[in-house]
Amino acid sequence: MTAPALLLVASALFSIGLFGVLARRHAIAVLLSIELMFNAVNLAVVTVAWSRGWLAGVVLALFGIAITVAEIAVGLALVLLASRMPGRVLLDELSELDG
Amino acid sequence: MRDAAFWSLSVLLLGAAAAVVTARSLIRAAFALAGSLLATAALYLLLTSPLLAAVQVLLYTGGVLTLVVFALVVAGANEPAARFRKPLPAGMLALAVFAALASAIGTLPAGPGVGGLESGRDVGLALFGDYLVPFELLSVLLLAAVFGALLLARRERAS
């Protein structure tokens, strides 16, 4: 178990999440893919912190987790709001968000 | 032993992630996401950071899974006929990003690192010592997120 191998796994996870964000149509599926990308970034931060012995990386990962949970709460509230609109929750049909 | 655990956890993590982005049913995608978050927590354990693993399981996996399942129940998990929109360019872009990241990782110096993190006590001391101001700002952010989510839900109900 080396740091480059872990960073490669984190990059693969990030790319899978990026594909999901770009390609999925349902808003909740896009939010789940964003979670995957956040998770990959956290894994990379903790890997670097582990390989260098930096405690600040763990603190940064903790802040990242808290901010991510706050973000998904607001994001899911937006999805609930969008689910009452005629365009429903398919992102390519939600094209009239100009108020 | 550690290597075997690392490789099996990595396969589990990437397989669950692939299931998240390809699953037709959103409930299955949510539980696959929980699986990949749990695999990440086990990787944190391997990275000698048990506090982070506990936070990942309790706060991240539990919180995100609860929120997503709740939203799916309320908003209705009506899957569209087509899951993807233009999957080929998206896949090519994702592959290009992975290739760029992998080539950047290839240039890293391969020297042996320290390979260890401190215990939860030191993390707590750092949080309430050096990082006290960001920690308190984080509570303001969480309060703003709670108020924002409540405001959005409320406006929807009033209209």
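Up top is the structure.
Below is a summary of the structure that appears in this document. (Residues numbered from 1 in each chain as written. Chains lettered and ligands numbered in written order. Predicted model: local features only at pLDDT ≥ 70, side-chain atom pairs only at ≥ 80, totals over all residues. Heavy atoms only, no water.)

1. Concerning the overall build of chain A
Then, in step 1: Check the secondary structure of chain A and you find three helices and zero strands.
Then, in step 2: Taken from the N to the C terminus, the helices and strands of chain A come in the order α-α-α.
Then, in step 3: Taken across its 99 residues, chain A has 62% of its residues classed as buried.
Then, in step 4: Partitioning the contacts of chain A with sequence separation of at least 6, the portion at a separation of at least 24 is 56%. (Helix = DSSP H or I, 4+ residues; strand = E, 2+ residues; numbered from the N terminus. Buried < 20%, exposed > 50% of the residue type's maximum accessible area, 1.4 Å probe, protein only. Contact = heavy atoms within 4.5 Å.)

2. Describing the side chain of Ser 11 of chain A
Then, in step 1: By the element assignment, Ser 11 of chain A lies in helix 1 (residues 3–23).
Then, in step 2: Beyond its immediate stretch of four places on either side in the chain, Ser 11 of chain A contacts Phe 98, Leu 101 and Ile 105 of chain B.

3. Digging into helix 5 (residues 120–127) of chain B
All names here are of chain B.
Then, in step 1: Those residues of helix 5 lying buried are Val 123, Ala 126 and Leu 127. Buried residues in helix 5, looked at end-on, bunch into an arc of 100°, giving them a common side. Exposed and oriented more than 90 degrees from the buried face of helix 5 are Arg 121 and Leu 125. (Arc of directions from axis to C-beta.)

4. A closer look at the interface of chain B and chain A
Then, in step 1: Of the residues lining the interface, 77 residues belong to chain B; the matching set on chain A comes to 66 residues.
Then, in step 2: Of the roughly 6,700 Å² buried at the junction of chain B and chain A (both faces included), carbon and sulfur atoms supply 79%.
Then, in step 3: Put simply, chain B and chain A have zero salt bridges between them.
Then, in step 4: At the surface where chain B touches chain A, the tally comes to five residue pairs in polar contact (both at pLDDT 80 or more).
Then, in step 5: Of all the secondary-structure elements, those providing two or more residues to the side of chain B that touches chain A are helix 1 (2–22), helix 2 (26–46), helix 3 (50–75), helix 4 (87–106), helix 5 and helix 6 (132–158) of chain B.
Then, in step 6: Residue classes in the side of chain B that touches chain A are distributed as 57 nonpolar, 12 polar and eight charged. (Buried area = accessible area lost by both parts, 1.4 Å probe. Salt bridge = Lys/Arg side-chain N within 4 Å of Asp/Glu carboxyl O. Polar contact = N/O pair within 3.5 Å; in protein donor to acceptor, adjacent residues only side chain to side chain. Nonpolar A, V, L, I, M, F, W, Y, C, P; charged D, E, K, R; others polar.)

5. Some details on the packing of aromatic side chains
Then, in step 1: With the rule as written, the count across this model stands at three aromatic pairs over all chains.
Then, in step 2: An angle of 50° between the planes, with centres 5.8 Å apart, marks the rings of Phe 19 of chain A and Phe 84 of chain B as tilted. Of the two residues, Phe 19 of chain A sits in helix 1 while Phe 84 of chain B sits in the loop between helix 3 and helix 4, which places them in two different chains. (Phe/Tyr/Trp six-rings, centres within 6.5 Å; stacked < 30°, edge-to-face > 60°.)

6. A closer look at the packing of helix 2 (residues 27–52) of chain A against helix 3 of chain B
Then, in step 1: Axis separation between helix 2 of chain A and helix 3 of chain B bottoms out at 12 Å; the angle between their running directions is 175°. Our classification of the angle between helix 2 of chain A and helix 3 of chain B gives roughly antiparallel. Two secondary-structure elements touch here, helix 2 of chain A through Ile 28, Leu 32, Glu 35, Phe 38, Asn 39 and Val 46 of chain A and helix 3 of chain B through Leu 52, Gln 56, Tyr 60, Val 64, Val 68, Ala 71 and Leu 72 of chain B. (Axes fitted to C-alpha atoms, helices over the stretch in contact; angles between N-to-C directions. Parallel < 35°, antiparallel > 145°, perpendicular 65-115°, else oblique.)

7. A word on the packing of helix 2 of chain A against helix 3 (residues 55–82) of chain A
Residues and elements named next belong to chain A.
Then, in step 1: Two elements in contact, helix 2 and helix 3, have axes whose closest approach is 9 Å; the angle formed by their N-to-C orientations is 175°. By the angle between their directions, the pair helix 2 and helix 3 is classed as roughly antiparallel. Contact residues: Ala 27, Ile 28, Leu 31, Ile 34, Glu 35, Phe 38, Asn 42, Val 45, Val 46 and Ala 49 in helix 2; Gly 57, Val 58, Leu 60, Ala 61, Gly 64, Ile 65, Thr 68, Glu 71, Ile 72, Gly 75, Leu 76 and Val 79 in helix 3.
Then, in step 2: Of the residues in the contact of helix 2 with helix 3, the class split is 15 nonpolar, five polar and two charged.

By themselves, these are just geometric observations and shouldn't be taken as functional.
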